Amino acid sequence: MSVALTLTEPRPRKAAPRHLADLDLAGCQSVLSEIGQPPFRAKQLRNQYFGRHVGDANLMTDLPAAAREAIGEALLPRLLDPVRLDDCDNGETVKAVWRLHDGALVESVIMAYPDRITACVSSQAGCGMACPFCATGQGGLTRNLTTAEIVDQVVNCARIAAERGLGRLSNIVFMGMGEPLANWARLKAALRLITDPVPDGLGMSARHVTVSTVGLVPAIGRLAAEGLPVTLAVSLHAPDDELRDELVPINTRWKVAEVLDAAWEYASVTKRRVSIEYAMIRDVNDQPWRADLLGELLAGKLVHVNLIPLNPTPGSRWDASPKAVEAEFVRRLRAAGVSTTVRDTRGQEIDGACGQLAASVREAGSPSTAGAKPGELSSTGAAS
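The following refers to the structure shown. A quick note: this is a predicted structure, and the numbers were derived from the prediction, not measured. Position numbers for residues start from 1 in each chain and track the written sequence from start to end. Only residues with pLDDT of 70 or above have their local features reported here, since the model is predicted, and side-chain atom pairs are shown and tallied only from 80 upward, although totals for entire chains, interfaces and linings are computed over all residues. Calculation of side-chain values draws on the structure's entire complement of heavy atoms; hydrogens and water are dropped beforehand.

Of all the residues in helix 7 (residues 217-225), the buried ones are Val-217, Ala-219, Ile-220, Leu-223 and Ala-224. An end-on view of helix 7 places all buried positions within 160° of arc, on one side of the element. Structurally, helix 7 contributes buried residues whose contacts are with helix 6 (184-195), strand 8 (209-213), strand 9 (231-235) and helix 9 (256-270). Secondary structure elements are defined from DSSP: runs of H or I of at least 4 residues count as helices, runs of E of at least 2 residues count as strands, and each element is numbered from the N terminus. Note on helix 7: the residue one or two positions beyond its end, Gly-227, has a positive phi of about 75°. For each residue, the accessible area found with a 1.4 Å probe, counting protein chains only, is set against the maximum for its type, and the residue is called buried under 20%, exposed over 50%, and partly exposed in between. In this description, the arc belongs to the directions extending from the helix axis to the C-beta atoms. Should any heavy atoms of two residues lie within 4.5 Å, those residues are considered in contact.

The subject of this paragraph is the packing of helix 5 (residues 147-163) against helix 6. Helix axes are fitted only over the stretch in contact, all axes being lines through C-alpha atoms; the angle between N-to-C directions runs from 0 to 180 degrees. Direction vectors running N to C along helix 5 and helix 6 enclose 40°, while the axes themselves pass 8 Å from each other. Judged by the angle between their axes, helix 5 and helix 6 are oblique. Relative to helix 6, the crossing made by helix 5 is right-handed. Across the interface between the two elements, Thr-147, Ile-150, Val-151 and Val-154 of helix 5 pack against Arg-186, Leu-187, Ala-189, Ala-190, Leu-193 and Ile-194 of helix 6. Side-chain classes are defined by residue name, with Ala, Val, Leu, Ile, Met, Phe, Trp, Tyr, Cys and Pro counting as nonpolar, Asp, Glu, Lys and Arg as charged, and the others, Gly among them, as polar. Split into classes, the residues belonging to the contact of helix 5 with helix 6 amount to eight nonpolar, one polar and one charged. Oblique is the label for every angle not falling under 35 degrees (roughly parallel), over 145 degrees (roughly antiparallel), or within 65 to 115 degrees (roughly perpendicular). By convention the crossing between two helices is left-handed if the near helix lies anticlockwise of the far one by an angle smaller than a right angle, and right-handed if it lies clockwise.

Moving on, we get to the pairing of strand 12 (residues 339-342). In the case of a regular strand, side chains alternate between the two sheet surfaces. Note: two strands are recorded as paired if DSSP finds a minimum of 2 bridges between them. Bridge analysis of strand 11 (residues 303-309) against strand 12 gives four bridges, and the strand direction is parallel. The partner of Leu-307 across the bridge, within strand 12, is Val-342. When the strands point away from the viewer, a crossover counts as right-handed if the path from the first strand over the helix to the second runs clockwise. Taken together, strand 11, helix 11 (residues 323-335) and strand 12 form a β-α-β motif whose crossover is right-handed.

For the rest of this paragraph, the subject is the packing of aromatic side chains. Here a ring pair, both rings aromatic, is described through the centre-centre distance and the interplanar angle of the planes. Pairing of aromatic side chains requires ring centres within 6.5 Å, counting the rings of Phe and Tyr and the six-membered ring of Trp. Pairs whose planes differ by under 30 degrees are stacked, by over 60 edge-to-face, and all others tilted. Across all of its chains, the model carries two aromatic pairs by this definition. Their ring planes at 75° and their centres at 5.1 Å tell us that Tyr-49 and Phe-50 sit as a pair that is edge-to-face. Classification of Phe-50 as buried rests on a relative accessible area of 1%. On the numbers, 5.1 Å between centres and 40° between planes, the contact of Tyr-278 with Phe-329 is tilted. Taken together, the residues span a long stretch of sequence, with Tyr-278 in strand 10 (residues 274-280) and Phe-329 in helix 11 at a distance of 51 residues. The burial state of Tyr-278 is the same as that of Phe-329; both residues are buried. Only when the NZ of Lys or the CZ of Arg is both within 6 Å of the ring centre and within 35 degrees of the ring normal is a charge said to sit over the ring. Seen from the ring of Trp-254, Arg-253 lies directly overhead, with NZ or CZ sitting 5.6 Å from the centre. Its end group placed over the ring of Trp-318, Arg-317 keeps NZ or CZ at 4.0 Å from the ring centre.

Shown next as structure tokens:
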């Protein structure tokens, strides 16, 4: 089988603007000195951005009014322009579509639960993994996101959640557009900024961060070596190589056994339970014997299975498993002693659910505010 996988980044269309989230404290101080501002303003900026989620220098009242525009141009350019801001589930799920400086589109989703507020963020514009049941994968890879573009999604999501009265952002999942581990250098830097304390970062708990991967084995080892206790989620989708070669084409390079061995090593190093993501696809991967095989592979391991009801995309030949089939799959896994749950599917009304990201907005043309209420989109690219 010939599959167009993309593991290298396409040539960028234009350089990304410099942003404080791409710089350390010393780098920010150097830029401020270049524009005639005292170095101590670097900590002020970082407190505002990372601590208060303010991305517009004009709103930072602790800066001199006359200096705000120059500081903003130097260190706080707008990275994410809003194209759409939609909500469903009684306002508890919000999807943002952002246009980047070069016209690329990415998406973020905020989900409010009784015990947590989660942001699902993108690591790439598009995806090069070519999984046939995923709308994003079928669109191909545009480019990697910069560290600042990744972090700015989190900052914007935190601000939207607070302004909508959903609560304080507590969890981050790298399950949006792209394969996070294929953008390793920027992902690593973003993870540090998400988890480092304010003003060096957003101060979020690493234990509340999940990194999803289709199984880039060497990069799983690099993530383990970072010493950050983030949760590893492996998008497995099939327990046997024959089917997984079709559903997750990277399996032609790293087989199921290799991927799971890397996952168990990750669990051993970090002491963190691995999540196995498994999209339930009617008559494709939902047979009882595949449940039994998956149970055999996972039994006795530090692991949890997250079954995902497939969200079909328009024109797709893939469909969700019937609920009775799903229930039997769960029963067999639990009988094998494997912790298993079915994911609470969110955002189907706004194409924000798993596998649906970005397909509907590529032809959006110039940025618009379709789907947002009047006055809802601010100049900083967040709800106001």
